[in-house]
Amino acid sequence: MTRYILRRLVLAVIVVLLVTVVTFVLLHLLPGGPARGVLGVKATQAQIDTFNAAQGFDKALPVQYWDYLVRLVHGDLGDSYTQNSPVTTLLGERLPKTLLLTVVSTLLAIVVALPVGVWQAVRRGKASDHVTTAFTFVLYATPVFFLSLVLIILFAQVLPWFPAQAAQGETVGELLSQPGSLVLPILAGTGAALAVFSRYMRASTLDNLAEDYVRTARAKGTPERTIVWRHVWPNSLTSVVSMLGYYVPTVFGGSLVVESMFNYPGVGLLFWTAARNADFPVLLGVVLVIAIATVAGSLLADLLQLLIDPRVRVKGARS
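Residues numbered from 1 in each chain as written. Predicted model: local features only at pLDDT ≥ 70, side-chain atom pairs only at ≥ 80, totals over all residues. Heavy atoms only, no water.

**A short note on the overall build of the protein**
Across its full length, the protein holds 15 helices and 0 strands. In terms of overall dimensions, the protein has C-alpha extents of about 85 × 60 × 35 Å along its principal axes. Split into buried and exposed, the 319 residues of the protein put 42% on the buried side. Sequence-distant contacts, at least 24 apart, represent 73% of the contacts inside the protein between residues at least 6 apart. Averaging the locations of the 24 positively and 17 negatively charged side chains of the protein gives two centres separated by 13 Å. (Helix = DSSP H or I, 4+ residues; strand = E, 2+ residues; numbered from the N terminus. Buried < 20%, exposed > 50% of the residue type's maximum accessible area, 1.4 Å probe, protein only. Contact = heavy atoms within 4.5 Å. Lys, Arg positive; Asp, Glu negative; His and termini not counted. Charge placed at Lys NZ, Arg CZ, Asp CG, Glu CD.)

**Some points on the packing of aromatic side chains**
Applying the stated criterion across every chain yields a total of 7 aromatic pairs. Geometrically, the ring pair formed by Phe51 and Tyr81 is edge-to-face, given 5.3 Å between the ring centres and 75 degrees between the ring planes. Note that Phe51 is positioned in helix H3 (residues 45-55) and Tyr81 in the loop between helix H4 (61-73) and helix H5 (87-122), a separation of 30 residues in sequence. Overall, the relative accessible area of 17% leaves Tyr81 in the buried class. (Phe/Tyr/Trp six-rings, centres within 6.5 Å; stacked < 30°, edge-to-face > 60°.)

**Regarding the packing of H5 against helix H13 (residues 267-276)**
Interhelical geometry of H5 versus H13 gives an angle of 130 degrees and a closest axis separation of 7 Å. As the angle between them shows, H5 and H13 are arranged oblique. The residues of H13 that touch H5, namely those facing Leu90, Leu91, Arg94, Leu95 and Thr98, are Val267, Gly268, Leu269 and Leu270. For the contact of H5 with H13, a count of residues per class yields 6 nonpolar, 2 polar and 1 charged. (Axes fitted to C-alpha atoms, helices over the stretch in contact; angles between N-to-C directions. Parallel < 35°, antiparallel > 145°, perpendicular 65-115°, else oblique. Nonpolar A, V, L, I, M, F, W, Y, C, P; charged D, E, K, R; others polar.)

Next up, the structure:
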């Protein structure tokens, strides 16, 4: 078991390194390089050469990447070209706000989706199941940016209940002091997650309702409500809980769009601003954070499976 966990940790480090290599190379292969992006199209060759020498871009690409890794080991992600601030400081300011948005959205989606998924499975084939299934399919197929636009039109313009833009506080506490401005970004982030979790829960519940232990319980005269909520519910949760870790990349990807749509001051908005300004250190820093979150989510999913599923523990011990 220990060997399995250590192997997963080593694999996680390798994946993060590969992501940094690919991102680093792709960013430096962009036309004009970072100098043209920062100085503009009217910059002279002398100005570009001076910028490249100052930033170390005149060195060979492998040397530049090695220097980046050395700085990374020491916790230095470089300085933003446009915001005159270390990337670690910018990420430290923005990451808690993104976590607030993603965690609240995910928890809200789970709280709503899991009972809905069970309810759909119990009422399989009935009109209410078809209506709910159609709604979740539409929600799942709706792009996050379109859902955000619909929410803005409905609840900020037609019904001016909430502001279309998030509060611009420096800290999470300042954002929470204006909860009305968080409603629409959270609803937009909840939409796709709600559809995914409810579909998973419905399928998992249907599988468990077809198991022998359910038939045995029914034969003994156990009430259907007891079968569903005492026996089927815990078993159905295992697959959904293990799926949570794999959903982390989707959550972060969706937050990039949601933050840009609602001008939410998180990592996603920082990424879009950096992309427009060719702010390479910030782009690399954000990609690194997302890569680490993705790998950590996958590792968390594996550990949860080890914890709740004895079959996975046996397989992990043998491998």
